[in-house]
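Coordinates in review
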Amino acid sequence: MTGWIMLGFVMLGFTLLVCAVALYDLLQRRHSILRTFPVVGHLRFLLEDVGPELRQYIVTGNDEERPFSRDQRRWVYATAKQDNANTGFGTANDLELSANYLIIKPAAFPLPGPAATDNLLACQKVLGAARGRPHALRPPSVVNVSGMSFGALSAPATTALNQGCAMAGCLHNTGEGGISEHHLHGGDLIFQIGTGYFGCRTVDGRFSLERLVDLAARHPIRAVEIKLSQGAKPGLGGILPAAKVTPEIARIRGVKAGEVCYSPSTHTAFGDVDSMLDVVEEIAAATGLPVGIKSAVGEATFWEQLARQMAATDRGVDFITVDGGEGGSGAAPLAFSDHVALPFKIGFSRVHRVFVEAGLDDRIVFVGSAKLGFPETALLAMAMGCDLINVGREAMLALGCIQAQRCHTDRCPTGVATQSRWLTRGLDPRDKSARVANYVRGLRHELLRLAHSCAVTHPALVTLDSFEILDGHFGSRPAREVFGDNGKRWT
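Given the structure is predicted, the values throughout are model-derived calculations rather than measurements.

Calculation notes
Residues numbered from 1 in each chain as written. Predicted model: local features only at pLDDT ≥ 70, side-chain atom pairs only at ≥ 80, totals over all residues. Heavy atoms only, no water. Buried < 20%, exposed > 50% of the residue type's maximum accessible area, 1.4 Å probe, protein only. Helix = DSSP H or I, 4+ residues; strand = E, 2+ residues; numbered from the N terminus. Pairing = 2+ DSSP bridges. Right-handed = clockwise from strand over helix to strand, strands pointing away. Axes fitted to C-alpha atoms, helices over the stretch in contact; angles between N-to-C directions. Parallel < 35°, antiparallel > 145°, perpendicular 65-115°, else oblique. Left-handed = near helix turned anticlockwise from the far one by under 90°. Contact = heavy atoms within 4.5 Å. Nonpolar A, V, L, I, M, F, W, Y, C, P; charged D, E, K, R; others polar. Phe/Tyr/Trp six-rings, centres within 6.5 Å; stacked < 30°, edge-to-face > 60°. Lys NZ or Arg CZ within 6 Å of the ring centre and 35° of its normal. Patch = residues over 30% accessible without salt bridge, like charges linked within 9 Å, V, L, I, M, F, W, Y side chains within 5 Å. Areas by Shrake-Rupley, 256 points an atom, 1.4 Å probe, with all protein chains shown as cover. Salt bridge = Lys/Arg side-chain N within 4 Å of Asp/Glu carboxyl O.

Structural notes on the pairing of strand 10 (residues 365-369)
A large share of strand 10 lies buried, amounting to five of its five residues. Both strand 9 (residues 319-323) and strand 10 contribute to a ladder of five bridges, which runs parallel. For Ile 320, the partnering residue across the bridge sits in strand 10 and is Phe 366. Here two bridges tie strand 10 to strand 11 (residues 388-391), and the two strands are oriented parallel to one another. Each residue of the ladder has a partner; that of Val 367, found in strand 11, is Leu 388. In terms of handedness, the path from strand 10 via helix 12 (residues 375-384) over to strand 11 forms a crossover that is right-handed.

The following block contains the structure:
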């Protein structure tokens, strides 16, 4: 009998402990997984802690998971939380037998390292200055948040991104889904115009300059980006599932709630380079804002025609965002994700070379967007000619994304890419915005440290001469030979 009483007390104690943990999880705001999945959510952190040991023997290594390896995710998480992001005991990568492995060559006489708090890094160019735009600006941060629409992302995630951008002093691209109240928490915006013209469309779905001018007058829009295509689904357009089209999103986009929201594959406001430049200049004249384009890279003819038109006429884009075919936060058919559009490094090098040969590269701000949210890849992109780096999925990781790859199902467990009220309640914008800001600042600081190791004061001054690419056969090739001469030299 005594044994049963003791067992009863043990069970009661265990039950009270579980209830206490559940109550704590529901009330705390630091971990969205725990708020949404109290008690059982701790298993995720336990498995994360013992994951390296398990994978070392029976699953995969830290550098093998895709699209982002565990090492990459760990660096983002640690940087966002201001934990120790360093590693010990040397690299775990087999450098000499790894093909296409990037090596940064430090200078014999580097500059002194920046202070631990030194993370301010403005763009070297003034956006819109070359074409005399009235509202030209020098972007205060070389790292900015890429276009991810409210609708694809949840309200708390969008709020956290905007607040984080305000704290870090960087720009927040709205994505093609229009401007919501969640975009208005202090962060400056780049307004993206997609093929659906959401936020600036007529009743029949065509582009409305009048509505765009009204948006620009009422909101902190610093530039306009016309999206031709994106790396996740180039040439396809976009689809927002009916489950994600809430009444709020429908109102913002000007569509019907509860119905699938399609973005066409092509624009109706223009159909070639000539008419596109007319629209660019029309928007710039009406708003005074810098206007650019975003595109994945396929055929070369478009870029060659654009360069010729800009060289021969008084029309032109102020910035070009090149998106890599590696994909992004948007969901897409497998064939498009895996096989359509060139990877960033190949695509960008070709595009940039076209404008260098035309003598236009100094008149354009080049933006790179494709898994560039890590110090070494961002530095290489800037050496190739990028002036700005856009981060998308890496910013989602800073928000708490665990790479569940359920963005297209409306069942994102961390509340980042879903409209489910139950799932989004776990994401606290106050905590996650600070993590986004920490991540952006941390990436800028690492870029500055790498630039100093190459004996220059700004990452935009680093050239391809500071990189080599290992070939996996105990050899290497200079990056300038791999990617071609981009016209950048030390000055």
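Some words on the packing of helix 11 (residues 344-357) against helix 12
Two elements in contact, helix 11 and helix 12, have axes whose closest approach is 10 Å; the angle formed by their N-to-C orientations is 20 degrees. On the basis of the axis angle, helix 11 is roughly parallel to helix 12. Crossing geometry of helix 11 relative to helix 12 is assigned as right-handed. Packed against helix 11, whose contacting residues are Phe 344, Lys 345, Phe 348, Ser 349 and His 352, the element helix 12 presents Leu 380, Ala 381 and Met 384 at the interface. Its residues assigned to classes, the contact of helix 11 with helix 12 shows five nonpolar, two polar and one charged.

Observations concerning the sheet that holds strand 13 (residues 476-478)
Reading across from one edge, 1-12-13 is the order of the three strands in this open sheet, with antiparallel pairing throughout. A strand with exactly one partner marks an edge of an open sheet, and here the two such strands are strand 1 (99-104) and strand 13. The average angle at which neighbouring strand axes cross in this sheet is 30 degrees, direction not considered. Pairing of strand 1 with strand 12 (residues 467-471), which is carried by five bridges, proceeds in the antiparallel orientation. Considered in strand 12, the bridge of Tyr 101 is made with Leu 470.

Regarding the packing of aromatic side chains
According to the stated counting rule, one finds eight aromatic pairs in the structure shown. Aromatic side chains Trp 75 and Tyr 439 sit 6.2 Å apart centroid to centroid with 80 degrees between the ring planes, which places their arrangement in the edge-to-face category. With Trp 75 in helix 4 (residues 70-81) and Tyr 439 in helix 15 (residues 429-453), this residue pair connects regions lying 364 residues apart in the sequence. Grouping residues by exposure puts Trp 75 and Tyr 439 together as buried. Linked through ring pairs, Phe 68, Trp 75, Phe 374 and Tyr 439 together constitute an aromatic cluster. Sitting over the ring of Phe 198, Arg 253 keeps its end group 5.0 Å from the ring centre. A cation sits over an aromatic face here: Lys 371 above Phe 68, 5.3 Å from the ring centre.

Quick notes on a nonpolar patch on the surface
A surface patch of nonpolar side chains, amounting to about 770 Å² of accessible area, comprises Leu 23, Leu 26, Leu 27, Phe 37, Val 40, Leu 43, Leu 46 and Trp 422. Those elements giving two or more residues to the nonpolar patch turn out to be helix 1 (2-27) and helix 3 (42-57). No other element matches the three residues that helix 1 contributes to the nonpolar patch. Along the chain, Leu 26 turns up in helix 1.

A look at the packing of helix 5 (residues 155-168) against helix 15
Contact geometry for helix 5 and helix 15: axes closest at 7 Å, N-to-C directions at 45 degrees. As judged from the angle between their axes, helix 5 and helix 15 are oblique. In this structure, the crossing between helix 5 and helix 15 has a hand that is right-handed. In contact with Pro 156, Thr 159, Ala 160, Leu 161, Gln 163, Gly 164, Met 167 and Ala 168 of helix 5, helix 15 contributes Pro 429, Arg 430, Lys 432, Ser 433, Ala 434, Val 436, Ala 437, Val 440, Arg 441 and Arg 444. Here the residues of the contact of helix 5 with helix 15 are counted per class, giving ten nonpolar, four polar and four charged.

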